[in-house]
Amino acid sequence: MIYLDNASTTRLRPEAREALRSAPYANPSSIHAAGRAARKAIEDARETIADLYGGDPKGLTFTSGATESDNLALFGAAEALRARGNHIVVSAVEHPAVLETAAELAKGGFEVSHAPVDGDGRVDVAALERLLTPRTILVSLMAANNEVGTIQPAGEAAALCRARRIVFHSDAAQAAGKVDLKFEADLVTISSHKMHGPRGAGALYVRPGTPLAPQQVGGGQEFERRAGTENVEAILGFAAAAKAMESDRRETAARVERLRSRLVAGLKAASPLRLNGHASDRLPHIVSVTFPGCDGEAMVIALDAKGLCVSSGSACASQSMVPSHVLLAMGRSAEETRATVRFSLGWDSTEADVDAAAALVPPVVARLRAIAPAGRP
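What counts as what
Counting restarts for each chain, with residues numbered from 1 along the sequence as it is written. Predicted model: local features are reported for residues with pLDDT of at least 70 only, side-chain atom pairs are reported and counted for 80 or more only, and whole-chain, interface and lining totals are derived from all residues. Only hydrogens and water are set aside; all other atoms, that is, all heavy atoms of the structure, feed into the side-chain values. To qualify as a helix, a DSSP run of H or I must reach at least 4 residues; to qualify as a strand, a run of E must reach at least 2; elements of each kind are numbered from the N terminus. Based on C-alpha atoms, the radius of gyration is set beside the globule rule, defined as 2.2 Å times the residue count to the power 0.38. Categorising residues by exposure relies on relative accessible area from a 1.4 Å probe, with only protein chains included: less than 20% of the type maximum marks a residue as buried, more than 50% marks it as exposed, and the intermediate range marks it as partly exposed. For every accessible area listed, the method is Shrake-Rupley and the probe measures 1.4 Å; residues are considered covered only by the protein chains on display. Note on charges: Lys and Arg go in the positive column, Asp and Glu in the negative column, and His and the chain ends are not counted at all. Charged side chains are reduced to one point each, which is NZ for Lys, CZ for Arg, CG for Asp and CD for Glu. Should DSSP find at least two bridges between two strands, the strands are taken to pair. Between the N-to-C directions of two axes lies an angle of 0 to 180 degrees, each axis being a line fitted to C-alpha atoms and, for a helix, fitted only over the stretch in contact. By convention a nonpolar core is built from buried Ala, Val, Leu, Ile, Met, Phe, Trp, Tyr and Cys residues, the set being connected through side-chain atoms within 4.5 Å. The criterion used for residue contact is that any of the two residues' heavy atoms lie within 4.5 Å. Stacked, edge-to-face and tilted are the three classes for Phe, Tyr and Trp ring pairs, Trp counted by its six-membered ring, which pair at centre distances within 6.5 Å; planes under 30 degrees apart are stacked, over 60 edge-to-face, the rest tilted. Take the residue count of a helix, subtract one, and multiply by 1.5 Å to get its expected span. By definition here, a salt bridge exists when the distance from a side-chain nitrogen of Lys or Arg to a carboxyl oxygen of Asp or Glu is within 4 Å.

This brings us to the overall build of the protein. Looking only at helices and strands, the protein features 12 helices and 12 strands. For the protein, whose C-alpha radius of gyration is 21 Å, the value lies close to the compact-globule estimate of 21 Å for 377 residues. Its C-alpha atoms give the protein principal-axis dimensions of about 65 × 50 × 30 Å. Evaluated residue by residue, the protein yields a buried proportion of 56% over its 377 residues. On the protein, roughly 15300 Å² of surface is accessible, and the fraction owed to carbon and sulfur atoms is 54%. Measuring between centres, the 42 positive side-chain charges of the protein sit 1 Å from its 43 negative side-chain charges.

Right, let's get into the sheet that holds strand 8 (residues 202–206). Strand order across the open sheet formed by seven strands is 2-8-7-6-5-3-4, with mixed pairing between neighbours. On the outer flanks of this sheet lie strand 2 (60–63) and strand 4 (111–115), each paired with one strand and no other. Each strand axis lies, on average, 20° off the axis of its neighbour in the sheet, ignoring direction. Bridging between strand 7 (residues 187–191) and strand 8 involves five bridges; their strand directions are antiparallel. What sits directly across from serine 191, in strand 8, is glycine 202.

Glancing now at the nonpolar core. A general trend in soluble globular proteins is that nonpolar side chains are found buried together. Ile49, Tyr53, Phe62, Phe168 and Ile190 are the most contacted members of the largest nonpolar core, which has 58 residues in total. For this core, the element with the most residues is helix 7 (residues 232–247), which contributes nine residues. When neighbours within four sequence positions are excluded, isoleucine 49 is seen to be in contact with Leu60, Phe62, Ile190, Phe238, Ala239 and Ala242. The next biggest cluster of nonpolar side chains, apart from the first, holds 28 residues, and it includes Ile2, Leu4, Val341 and Leu345.

Glancing now at the packing of aromatic side chains. Counting across every chain of the model gives three aromatic pairs. Judged by centre distance (6.3 Å) and plane angle (70°), the ring pair of phenylalanine 62 and phenylalanine 238 falls under edge-to-face. Of the two residues, phenylalanine 62 sits in strand 2 while phenylalanine 238 sits in helix 7, which places them 176 residues apart along the sequence. Ring centres 4.4 Å apart and planes at 10° place the aromatic pair phenylalanine 183 and tyrosine 205 in the stacked group. Placement of phenylalanine 183 in the loop between strand 6 (167–171) and strand 7 and of tyrosine 205 in strand 8 is noted, with a sequence separation of 22 residues between them. Judged by relative accessible area, phenylalanine 183 falls into the buried class, the value being 6%. Each residue in the set Tyr53, Phe183 and Tyr205 is aromatic and connected to the rest through ring pairs, giving one cluster.

Turning our eyes to something else, we now look at unusual backbone geometry. In this model, serine 271 is joined to proline 272 through a cis peptide bond whose omega is 5°. Along the polypeptide, proline 272 turns up in the loop between helix 8 (249–267) and strand 9 (274–276). Phi at arginine 165 is positive, roughly 60°, even though this residue is not glycine. Mapped onto the fold, arginine 165 is located in the loop between helix 6 (154–163) and strand 6. Within the chain, histidine 196 stands out as a residue other than glycine whose phi angle is a positive 65°. Take histidine 196: it is sitting in the loop between strand 7 and strand 8. The exposure class assigned to histidine 196 is buried, which follows from its relative accessible area of 2%.

An ideal rise of 1.5 Å per residue puts 16 Å on 12 residues; helix 4 (residues 96–107) measures up with 16 Å between its terminal C-alpha atoms. Against helix 3 (66–81), strand 3 (87–91), strand 4, strand 5 (136–140), strand 6 and helix 10 (325–329) lie the buried residues of helix 4. With its phi angle positive at about 105°, glycine 109 sits one or two positions after the end of helix 4.

Per the counting criterion, the structure on display carries 23 salt bridges. Arginine 342 is the partner of aspartate 5 in a salt bridge, and the nearest nitrogen-oxygen pair spans 3.5 Å. Here the residue aspartate 5 occupies a position in the loop between strand 1 (2–3) and helix 1 (14–21), and arginine 342 occupies one in strand 12 (residues 340–344), the gap between them amounting to 337 residues. Overall, aspartate 5 belongs to the buried group, its relative accessible area being 12%. Taking the relative accessible area as the measure of exposure, arginine 342 reaches 2% and is therefore buried. A salt bridge links arginine 39 to glutamate 230, with the shortest nitrogen-to-oxygen separation between them at 3.2 Å. Placement of the pair is arginine 39 in helix 2 (residues 33–52) and glutamate 230 in the loop between strand 8 and helix 7, with a sequence separation of 191 residues.

Next up on the list: the pairing of strand 10 (residues 286–290). With five of five residues buried, strand 10 is to be regarded as a mostly interior element. Where burial is concerned, the two faces of strand 10 agree: the one with Ile286, Ser288 and Thr290 and the one with Val287 and Val289 are both buried. The pairing of strand 10 with strand 12 spans five bridges and is antiparallel. If you follow isoleucine 286 over to strand 12, its bridge partner there is serine 344.

Below you can see the structure in the form of structure tokens.
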């Protein structure tokens, strides 16, 4: 099997696997020796992750993953700040975990605006600023897009919001471990399984002093921001993976970028094609390609039959059969979105992987184009 769907999830790094194996078993809220050992392990993991990204350990709140973190960020900030205003701004290319949460808030009386993007999928900070009003209480802009890989100007947006006393949230689930990331926003989402850690763990960083109403109650865990017994094994695996990814991040990014270029060169045999996303301000591991005249879902299925795992977009939206909201926001047609496939590399991807993929894709594309309905672009 050739696995090039690392933007959906990643294999465990050895460091994460070992952390899972050796994790304390007791409930970290228990006061006996075994419980104290589990508590210390969690706090060590919290400090490790916070230090990696320049944050205060007391601001790091462990969750079950990025979706919960995004929900907690938007619901929690909106509830805490409602007396100040009811206007929220999110980018048009956010992950569904942000967009659908914003939609729920709109049902509850909040006004939601969507910041547009250009043809590369990048938000214009000036356009974002024009959307802000005296009632704006929250802005959410991801660090980098999960479908096309475009890096967003999150640092500029954070500074803009800070100057206006607007809480700023950034979903960095796809960026963490791949590019230089610091906790510059008031609220930052990261995820374990996007960086070769286990599923079932994520975090929301909460800058000290940021208003946030808890959305899960029933215990005093996680600084009373998120009740429930912590997933000790997953948290320790998360910290081990994050530390390992950061330790060789520059070398890995350079190697993955070379693999990406090698893959793109091979895919050009399936021309015509179009690469989506910013040419330079992009994550090193994501390759979004539109193959005109080719059905993307059929292509994913055909490649899977040959042992190559890729996707047609965000794994969290791939079951819906709805055209990609990211590509539509970038100005692509519905037909173009359905002709798009995402290849995503990982820490453990090899030249053999990309060479095999480059050999498999062109004949599949040619066959699907040959059987496409007449007149279809």
